Amino acid sequence: MITLTHFLVVSACIFCIGLYTVLSKKNAIMILVGIELMINAAILNFVAFGKYDKVSYGGQIFALFAIVLAAAAVAVGLALVLNVYRHYKTINPDEINELKDK
Amino acid sequence: MPILSLLIFLPLLATAFILALPTRYKSSYKYIALAFTAVQFVLAGICYAKFDASQTGIQDLAGYQFVEQLPWIRLDLGAIGKLEIDYLIGIDGISMPLLLLSAFVMLMAIGASWNIQKSPKGYFALLMVLNMAVMGIFCALDFFLFYLFYEVMLLPLYFLIGIWGGARREYAAIKFFLYTLFGSVFMLLIIVGLYFSVINPITGAHTFNMIYMMNPQNYLGDSIFAWDGYQEILGISARLIGFVVLFFAFAIKVPIVPLHTWLPDAHVEAPTPVSIILAGILLKIGGYGIIRICYSIFPDMAALSNWWLGLIGVISIIYGALNALTQKDLKRMIAYSSVSHMGFVLLGIASLTAEGVSGAMFQMISHGFLSAALFFLVGVVYDRVHDRNIYSFRGLAQLMPKYTGYVAVAFFASLGLPGFSAFIGEAFVIIGSFNAASVGTGLPRWMALAGSIGILLSAVYLLWTLQRMFFGEIRLKGGESWANKLTDVNSREQLILFPTLALALLLGIMPSLVFSNLNASVLNLVSFIQQFI
Amino acid sequence: MDQLAHISPLYTALFTVVAPFIAFLYQAMAGKRDQSGVISLIGIIFSFIFGGLTWLAIWNNPIVSAQINWFTIGASTFKVGILLNNLNVLMLFLVPTVALPVHIYSRAYMKGDSGIHRYWMYLSLFCFAMLGLVVMDSLLLMYIFWELVGFASYLLIGFWFTRETAVQANKKAFIVNRIGDLGFLIGLAIIFTQFKTLNLVDLFGEGGLIYQSSITGGLWVSPVNSMDQIWLTIAGLAFFLAAMAKSAQFPLHVWLPDAMEGPTSVSSLIHAATMVAAGVFLLATVFPLFNESALLFIAIIGTITAASAAYFALGQYDIKRILAFSTISQLGFMMVGIGIGTWDAALFHLVTHAFFKCLLFLSAGAIIHEMAHLKAHSHLDFDPQDLRNMGGLKKYMPKTFILMSIASLALAGFPLTSGYLSKDSIIISSFEWALSKGDLYLIIPLSLITVSILTAFYIGRLIFKAFFGDFRMLEQVKDKLHGTVLHEAPKTMLIPMFILGICCLFPLFSLNPVSYHDSWLMDGLLLDEYTFAPSHSAHLIIPLILLIGSVISWTIGWKWYVQHKYPLNANNFALKASLNQGYINELYQWIFVNGTLKLAQFCYWFDRFVVDALVAFVQFIVLSLSQLSVWIDKYIVDGFVNAVASVAYWTGNQVRLVQNGKLQTTLYSVFLFVLLGLIYLIFF
């Protein structure tokens with residue numbers, strides 16, 4: 001049977017993949033993807049732990065709430081990335097080092 | 001009138017004058033130096049005239065003359081006691097002739113510096129400082145004062161050789177400086193040791209007074225140089241070590257073989273006046289120091305070790321003469337002959353007989369102005385063609401007859417021709433050291449015989465040089481242009497040479513001019529040491 | 001004379017000595033301005049007169065001496081003084097007597113020389129030194145004048161200083177004499193140590209210190225000191241060493257033949273009465289000091305000298321060198337005289353020898369003078385002193401021939417001459433001495449007899465070769481010169497020679513021409529009895545042997561040299577060795593000169609490469625030590641400080657890497673620390 005531990009392991013794996021992506025990728029979009037993965041790992045945990053709150057379903061509700069927030073954040077993030085690209089012609093965060101007025 | 005203080009510090013006044021005068025008056029420096037040195041010479045002459053020959057000196061302050069004593073440094077050092085340094089000067093029969101000699105040789109040196117072109121201000125100022133130091137050394141009776149003058153003397157000499165010298169002047173200056181410094185540094189240790197061993201019997205404080213150091217009663221019983229308490233350093237008697245260290249400090253100056261190698265280099269590189277001072281005065285400080293300090297403060301050790309001193313003297317005589325024989329550089333030859341002649345001084349001192357010590361003193365005086373004259377004569381020919389190689393010249397007698405006459409007289413005088421002063425000195429050193437065995441001072445007779453070989457060898461190298469350079473057909477390395485440059489001695493040079501050689505003759509005929517002043521002190525010294533044999 | 005007689009002999013003696021000195025001073029100051037030498041001549045004339053007066057006053061009269069204090073060393077006071085006894089006044093008179101003719105002669109002989117003013121100066125100095133030597137009353141003063149004589153002879157021998165041979169010769173003379181001076185100095189030291197005085201009267205006067213000292217128990221004891229008895233012998237030998245150098249005795253004779261490089265007039269003065277006689281005079285003065293062994297040594301050396309010099313004289317061609325060797329040989333005779341204890345005989349021979357040898361040299365000088373003129377006029381290059389260029393001169397210079405013959409006869413010891421008396425006195429005494437000693441000692445008189453005959457032969461050879469036969473240069477010079485080739489020397493030269501010639505004959509010394517015992521001179525000097533018995537037969541036989549030997553030798557010489565029946569090969573070894581003086585000079589050059597030079601070079605090598613290298617080595621050690629300390633300073637002390645600094649630097653550098661402003665790096669490090677924190681929380 002699938003226990004809580006299995007969920008947590010999968011969640012940890014996803015979190016790690018996300019973390020790795022955030023730390024290593026040179027592409028802002030991929031970093032956003034990494035962040036998304038990490039959020040999803042957290043959401044998966046919410047859902048998994050939701051099993052212990054059978055009264056108010058706090059876990060599921062919080063998961064839905066988080067999905068919405070994540071979607072909003074990604075939208076903002078992508079918009080930023082697009083603007084950055086337009087301005088710098090790159091989306092490598094290492095090369096974006098002129099965050100100041102011209 | 002504090003005549004000795006005047007004598008010592010007059011040159012300092014001259015230095016002040018020279019330094020104060022702007023450089024545009026630079027032609028007057030030599031006149032200032034000359035004037036002051038002349039006054040100094042007159043003062044020394046007054047000292048000589050007023051000198052009471054019956055006074056003994058040596059270990060007896062009452063026997064000193066023209067004594068001046070002022071408390072100089074008095075410091076309460078708490079537990080160690082009181083520091084007591086006096087300004088104590090005075091002369092006896094040992095220092096009197098040397099003082100006069102120094103004044104005379106200084107006059108010669110100024111005369112020889114007449115044509116110095118390179119920064120005369122510094123040159124004459126340094127020369128005058130040197131003059132002061134030399135006078136101070138011969139007068140000082142306080143060991144601290146003595147050491148002070150002794151060290152002050154090194155400084156101007158170092159610069160005089162190092163700046164106004166020849167091609168390898170820096171090498172020679174440093175060699176000279178290190179050699180003498182090496183001696184005097186260890187001397188300082190002994191001075192400190194003596195200071196802590198000796199007390200002033202009147203005040204009870206430790207003292208640097210040399211006269212007190214000569215009296216066994218003034219030594220503290222358990223001090224390092226105590227007479228009765230047998231103190232040892234590394235298993236050797238401390239007094240012996242003290243004597244030996246002081247002896248070597250002065251022997252470097254004399255110089256003895258094998259501590260002589262600074263001398264030829266220093267002489268060859270030094271300008272003529274400095275050579276004159278080196279040979280005429282500096283070497284005498286070595287002999288004077290041995291008599292005044294080593295022998296008087298450590299008479300017991302002097303009596304113990306005179307065999308070795310005599311041996312060193314004999315080796316210096318023969319070794320120096322043999323070395324002089326092979327030299328090609330005239331100045332170097334004379335430098336080595338100095339080593340040989342000063343060996344007689346050491347042999348005479350070591351004999352511990354009145355004849356030997358008097359002979360040694362006489363030899364010092366005589367060598368003082370004869371070697372000065374010889375170096376001056378080398379300077380004459382070097383000034384003209386800038387070459388001193390013996391083989392570059394031949395037949396000079398035809399070109400420079402007067403010069404040849406002076407050279408011949410100087411050579412014969414220094415090879416000990418009777419009638420000149422060197423003869424008296426050498427003969428009495430030989431007689432005295434021969435006599436030593438009969439008096440019981442332990443100097444074997446063969447040393448006198450071996451020393452006399454030096455007299456033969458000095459004839460050989462001097463005559464050989466005379467023959468090679470002056471006689472025969474004219475043959476010069478520089479050919480015709482040299483022949484034109486080699487003019488005979490001018491009147492300035494004659495003015496310096498003539499009195500010097502006349503003095504050598506005068507002292508040779510009337511040695512009593514020196515001996516009479518010397519005798520009481522020498523007798524006192526000899527009897528003072530002989531009680532320890 | 002009566003007016004002069006009351007002048008104290010001290011003053012006359014003093015004036016005798018001082019007169020040449022004044023002349024010397026005058027000449028030294030006048031320099032080139034006075035070339036005439038008149039003052040020198042006047043000086044020596046005064047010396048002659050006052051020397052004579054002194055001699056008259058003192059001879060056979062009591063000793064006179066006077067002193068003044070000179071200087072004091074320690075407890076001993078040295079005095080300057082004059083001592084006039086028979087020996088001293090004899091010499092005091094002899095020196096100017098011989099020097100006067102030489103001075104006169106020199107005026108002609110040296111005429112025109114460019115350095116003649118120096119010549120007069122040196123000559124006066126020489127006379128002063130020699131006269132001073134003979135009157136001084138202390139050994140120290142004698143030593144002073146002794147060396148001054150050497151110095152003056154140095155100047156005179158090297159008078160022509162541009163000649164290489166002359167300056168070599170004077171250097172050699174001075175240095176060889178210096179060896180003797182050392183002997184004198186050592187003798188002085190011994191005497192002074194033993195007696196505490198150097199005064200001749202105190203030492204050797206009647207009842208002097210020498211006579212008060214004795215040998216007791218292996219010690220030589222004087223009233224004031226005692227030392228091992230060997231020193232008595234050494235003292236004697238030391239003084240003899242001095243005399244050996246001055247009087248040219250065997251191993252030290254080498255300077256004298258070379259000293260012929262000086263002008264001939266100088267040679268005659270130095271070799272006749274003055275310098276070489278000084279040694280004999282010294283030995284006569286200190287005679288009481290000699291013990292048996294020293295005396296025997298002196299006699300042996302004297303014999304060797306007489307024999308070797310006579311042998312060397314046989315082969316010489318240079319006229320002056322023959323005379324030089326004959327001088328050495330005659331000095332050998334005098335030394336034998338001293339050695340056998342008859343110093344009066346030695347002095348007698350010294351006096352007679354002074355006259356005839358002076359004459360021989362002056363005659364030789366006259367010949368050389370003429371030959372040199374011939375050389376100058378004919379523009380030929382030949383040696384004017386070489387006997388092989390002479391011959392037949394009797395025809396051109398008859399007076400010189402006669403005078404020189406007289407002198408030669410005197411040298412050979414022919415009866416009726418002065419030489420006969422004095423030479424016989426030595427030979428006969430030595431024979432008597434040998435008889436009293438033992439058979440082995442007979443070698444000495446027998447050698448002397450042989451040497452005497454050899455002397456007759458070589459001087460005969462000189463006369464025959466120079467004066468007889470035909471003039472050998474005649475053919476070569478005949479076409480270049482017209483009229484007389486050679487002529488007699490000028491009068492200024494002949495007159496002094498003539499005076500000396502008279503002095504070579506017997507009447508001056510003894511009225512009895514065959515017995516030397518009647519000579520006034522021997523009477524005046526003889527102070528003690530001889531130590532040996534006289535032998536009457538010797539007085540008869542020995543002169544006869546000598547006479548016959550001489551005549552035979554002359555006959556042979558006549559045959560060989562005049563009739564040209566020369567039987568010997570000139571290249572035979574004995575003759576070559578004789579010509580080259582037995583190769584002694586070469587031997588000395590090889591052993592002593594080169595040896596000393598080698599030793600000196602070794603010393604200098606030692607000085608540079610051992611003593612100086614030692615200094616350099618000390619310097620090297622000090623430098624190395626200082627370099628080591630620099631290294632330690634740089635790499636250890638400083639290294640530690642630097643290590644601390646670099647650790648801090650490195651850490652900072654590492655930490656700095658995090659702060660690169662990159663988001664990911666910051667994140668990474670945050671994560672790392674969170675992880676570390678987690679690990680910590682989990683495991684600890």
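Residues numbered from 1 in each chain as written. Chains lettered and ligands numbered in written order. Predicted model: local features only at pLDDT ≥ 70, side-chain atom pairs only at ≥ 80, totals over all residues. Heavy atoms only, no water.

An unreviewed UniProt entry annotates chain C as NADH dehydrogenase subunit L originating from Sphingobacterium detergens.

The name given to chain B in an unreviewed UniProt entry is NADH dehydrogenase subunit M, with the source organism recorded as Sphingobacterium detergens. UniProt, in its Sequence similarities (unreviewed entry) section for chain B, records the words "Belongs to the complex I subunit 4 family." (UniProt positions renumbered as here; feature names shortened; annotations may be inferred.)

Colleague: What is the right way to look at the overall build of chain C in this model?
Modeller: Helix and strand content of chain C: 26 helices and five strands. The C-alpha atoms of chain C give a radius of gyration of 38 Å, which is well past the 26 Å a tight globule of 684 residues would have. Reported as C-alpha extents along the three principal axes, the dimensions of chain C are approximately 155 × 75 × 60 Å. Within chain C, contacts between residues separated by at least 24 positions form 78% of all contacts whose residues are at least 6 apart in sequence. For chain C, the accessible area works out to roughly 28600 Å², and carbon and sulfur atoms hold 69% of it. (Helix = DSSP H or I, 4+ residues; strand = E, 2+ residues; numbered from the N terminus. Rg over C-alpha atoms; globule rule 2.2 N^0.38 Å. Contact = heavy atoms within 4.5 Å. Areas by Shrake-Rupley, 256 points an atom, 1.4 Å probe, with all protein chains shown as cover.)

Colleague: Would you explain the overall build of chain B in this entry?
Modeller: Along chain B, the regular secondary structure elements total 20 helices and four strands. Expected size for 533 residues packed as a compact globule is a radius of gyration near 24 Å; at 23 Å, chain B falls within 12% of this value. Principal-axis analysis of the C-alpha atoms places the extent of chain B at approximately 75 × 60 × 45 Å. Classification of the 533 residues of chain B by burial places 67% in the buried group. A sequence separation of at least 24 residues applies to 77% of the contacts in chain B between residues at least 6 apart. With the model as given, the accessible surface of chain B reaches about 16400 Å², and the carbon-plus-sulfur share is 68%. (Buried < 20%, exposed > 50% of the residue type's maximum accessible area, 1.4 Å probe, protein only.)

Colleague: Explanation requested: the sheet that holds strand E4 (residues 219–221) of chain C in the structure shown.
Modeller: In any sheet, the strands associate via hydrogen bonds between backbone groups, in a parallel or an antiparallel arrangement. Residue and element names in this part refer to chain C. The strand order across the open sheet built from three strands is E3-E4-E5, with neighbouring strands paired in antiparallel fashion. The open sheet has two edge strands, strand E3 (214–216) and strand E5 (226–228), and neither has a second partner. For this sheet, the mean angle separating the axes of adjacent strands, direction not counted, is 30 degrees. Summarising the sheet, E4 and E5 pair through three bridges and their orientation is antiparallel. Looking at E5, one finds that Val221 is bridged to Ser226. Across the sheet, helix H10 (residues 230–246) is in contact with E3, E4 and E5; its angle to E5 comes to roughly 85 degrees. (Pairing = 2+ DSSP bridges. Axes fitted to C-alpha atoms, helices over the stretch in contact; angles between N-to-C directions.)

Colleague: Is there a simple way to think about the interface of chain A and chain C in this case?
Modeller: Interfaces are often sized by the amount of accessible area the parts lose when they come together. On the side of chain C, five residues touch chain A, which itself brings nine residues to the contact. In total, chain A and chain C occlude about 570 Å² of area from one another, counting both sides; carbon and sulfur atoms represent 65% of this. Among the residues chain A hides against chain C, the three largest losses belong to A:Leu19, A:Leu23 and A:Asp94. Together they make up 76% of the total. The interface formed by chain A and chain C includes zero salt bridges. (Buried area = accessible area lost by both parts, 1.4 Å probe. Salt bridge = Lys/Arg side-chain N within 4 Å of Asp/Glu carboxyl O.)

Colleague: Is there a simple way to explain the packing of helix H13 (residues 354–385) of chain B against helix H19 (residues 491–509) of chain B in this structure?
Modeller: When two helices pack together, their arrangement is given by the angle between the helix axes and by the axis-to-axis distance. Residues and elements named next belong to chain B. Viewed as axis vectors pointing N to C, H13 and H19 meet at an angle of 155 degrees, and their least axial separation amounts to 10 Å. Here H13 is positioned roughly antiparallel relative to H19, judged by the angle of their axes. In the packing of H13 onto H19, the handedness of the crossing is left-handed. For the pair H13 and H19, the contacting residues are Phe362, Ile365, Phe369, Leu370, Ala373, Phe376, Leu377, Val380 and Arg384 in the first and Glu493, Ile496, Leu497, Thr500, Leu501, Leu503, Ala504 and Leu507 in the second. (Parallel < 35°, antiparallel > 145°, perpendicular 65-115°, else oblique. Left-handed = near helix turned anticlockwise from the far one by under 90°.)

Colleague: Would you mind going over the nonpolar core with me for this structure?
Modeller: Nonpolar side chains in soluble globular proteins generally cluster together in the buried interior. By size, the foremost hydrophobic cluster in this structure holds 450 residues, and its most contacted members are B:Phe143, B:Phe146, B:Met153, B:Tyr295, C:Leu139 and C:Phe184. Dropping the residues within four chain positions of it, B:Tyr295 is found in contact with B:Phe243, B:Ile290, B:Ala302, B:Asn306, B:Leu309, B:Ile349, B:Ala350, B:Leu352 and B:Ile529. (Core = buried A, V, L, I, M, F, W, Y, C linked by side-chain atoms within 4.5 Å.)

Colleague: Hey, could you run me through helix H11 (residues 299–326) of chain B in this one?
Modeller: Count 3.6 residues to each turn of an α-helix, and residues three or four apart come out pointing the same way. Between its first and last C-alpha atoms H11(B) spans 39 Å; for 28 residues at 1.5 Å apiece the expected length is 40 Å, and the two agree. Considering bend angle alone, the principal kink of H11(B) is centred on B:Ser305 and spans about 60 degrees. (Expected span 1.5 Å × (residues − 1). Bend = angle between axes of the 7 residues up to and from the residue.)

Colleague: Please clarify how the environment of B:Ile334 should be interpreted in this entry.
Modeller: Residues and elements named next belong to chain B. Along the polypeptide, Ile334 turns up in helix H12 (residues 330–351). Taking the C-alpha atoms as reference points, Ile334 and Gln69, 265 residues apart in sequence, are found 41 Å from one another. Among residues more than four places away in sequence, those in contact with Ile334 are Leu374, Phe375 and Val378.

Colleague: So what exactly am I meant to see when it comes to the environment of A:Val68 here?
Modeller: All names here are of chain A. Tracing the backbone shows Val68 in helix H3 (residues 58–88). Assessed through its relative accessible area of 57%, Val68 is described here as exposed. Val68 sits 47 residues away from Thr21 along the chain, and the two C-alpha atoms are 22 Å apart.

Colleague: When you look at empty space enclosed by the protein in this model, what are you seeing that I'm missing?
Modeller: Gaps left between atoms show up when a probe the size of a water molecule is rolled over them. All names here are of chain C. In total, this model carries five cavities of 30 Å³ or more according to the counting rule given. Breaking the lining of the largest cavity down by element, the ones donating at least two residues are helix H18 (418–437), helix H19 (443–467) and helix H23 (536–562). The element that contributes the greatest number of residues to the lining of the largest cavity is H18, accounting for three residues. Residue composition of the lining of the largest cavity, grouped by class: four nonpolar, three polar and two charged. (1 Å grid on protein atoms, 1.4 Å probe; cavity = no way out; pocket = protein on both sides within 12 Å on 5 of 7 lines; lining within 4 Å. Points joined across faces, edges and corners; volume = space filled by probe spheres on them. Nonpolar A, V, L, I, M, F, W, Y, C, P; charged D, E, K, R; others polar.)

Colleague: Can you walk me through the interface of chain B and chain C in this structure?
Modeller: Taken together, the 60 residues of chain B in the interface contact 48 residues of chain C. Together chain B and chain C conceal approximately 4700 Å² of surface at their shared face, both sides included; 72% is due to carbon and sulfur atoms. Among the residues of chain B in contact with chain C, B:Ile431, B:Phe434 and B:Gln467 are the three that bury the most area, contributing 11% of the side total. Scanning the region where chain B abuts chain C turns up two salt bridges. The interface formed by chain B and chain C holds 19 residue pairs in polar contact (both at pLDDT 80 or more) in total. In terms of residues, the side of chain B that touches chain C owes the most to one element, helix H17 (residues 445–470) of chain B, which gives 14 residues. A per-class count over the side of chain B that touches chain C returns 35 nonpolar, 18 polar and seven charged. (Polar contact = N/O pair within 3.5 Å; in protein donor to acceptor, adjacent residues only side chain to side chain.)

Colleague: Before we go on, may I ask you to explain the pattern of salt bridges in this structure?
Modeller: Once their charged atoms are close, side chains differing in charge can pair, the charge on each being opposite to the other. Inspection of the entire model under this criterion finds 17 salt bridges over all chains. Put simply, C:Arg321 and C:Asp258 hold a salt bridge, and the shortest N to O gap is 3.6 Å. Note that C:Arg321 is positioned in helix H15 (residues 319–339) and C:Asp258 in helix H11 (residues 255–258), a separation of 63 residues in sequence. For the pair shown, C:Arg321 and C:Asp258 are each scored as buried. Salt bridges sharing common partners tie together B:Arg168, B:Lys175, B:Asp265, B:Arg332 and C:Asp612.

Colleague: Looking at this structure, how should I read helix H7 (residues 164–195) of chain C?
Modeller: All names here are of chain C. Along its 32 residues, H7 runs 46 Å from first to last C-alpha, staying within 8% of the 46 Å computed at 1.5 Å per residue. The element H7 is extensively covered by neighbouring structure, given that 27 of its 32 residues are classed as buried. Note on H7: the residue one or two positions beyond its end, Lys196, has a positive phi of about 60 degrees.

Colleague: What's the story with the packing of H11(B) against H12(B) in this structure? I'm lost.
Modeller: All names here are of chain B. The geometry of H11 relative to H12 is characterised by a closest axis approach of 7 Å and an angle of 160 degrees between their N-to-C directions. One finds that H11 runs roughly antiparallel with respect to H12. Handedness of the H11/H12 crossing: left-handed. Contacts from Asn306, Leu309, Gly310, Ile312, Gly313, Val314, Ser316, Ile317, Gly320, Ala321, Asn323 and Ala324 in H11 reach Met333, Tyr336, Ser337, Val339, Ser340, Gly343, Phe344, Leu346, Leu347 and Ala350 in H12. Of the residues that constitute the contact of H11 with H12, the class distribution is 13 nonpolar, nine polar and no charged.

Colleague: Explanation requested: the packing of aromatic side chains in the structure shown.
Modeller: Each aromatic ring pair is described using two quantities: the centre-to-centre distance and the angle formed by the ring planes. Enumeration according to the criterion identifies 84 aromatic pairs over all chains in this entry. Plain terms: the ring middles of C:Tyr119 and C:Trp120 are 5.4 Å apart, the flat faces sit at 75 degrees to each other, and that makes the pair edge-to-face. Overall, the relative accessible area of 0% leaves C:Tyr119 in the buried class. By relative accessible area, C:Trp120 is classed as buried at 0%. An aromatic cluster is built from B:Phe362, B:Phe428, B:Phe515, C:Trp70, C:Phe71, C:Phe78 and C:Phe192, whose rings are joined through pairwise contacts. One cation-aromatic arrangement involves C:Lys196 over C:Phe192; the distance from NZ or CZ to the ring centre is 6.0 Å. Above the face of the C:Phe333 ring, C:Lys423 is positioned so that its terminal group lies 5.2 Å from the ring centre. (Phe/Tyr/Trp six-rings, centres within 6.5 Å; stacked < 30°, edge-to-face > 60°. Lys NZ or Arg CZ within 6 Å of the ring centre and 35° of its normal.)

Colleague: Whenever I open this one, the side chain of B:Asp92 confuses me. Can you help?
Modeller: One can find B:Asp92 in the loop between strand E2 (82–91) and helix H3 (95–112). Filtering out sequence-adjacent residues up to four positions away, B:Asp92 remains in contact with B:Phe51, B:Thr56, B:Gly57, B:Ile58, B:Tyr64, B:Arg292 and B:Ser521.

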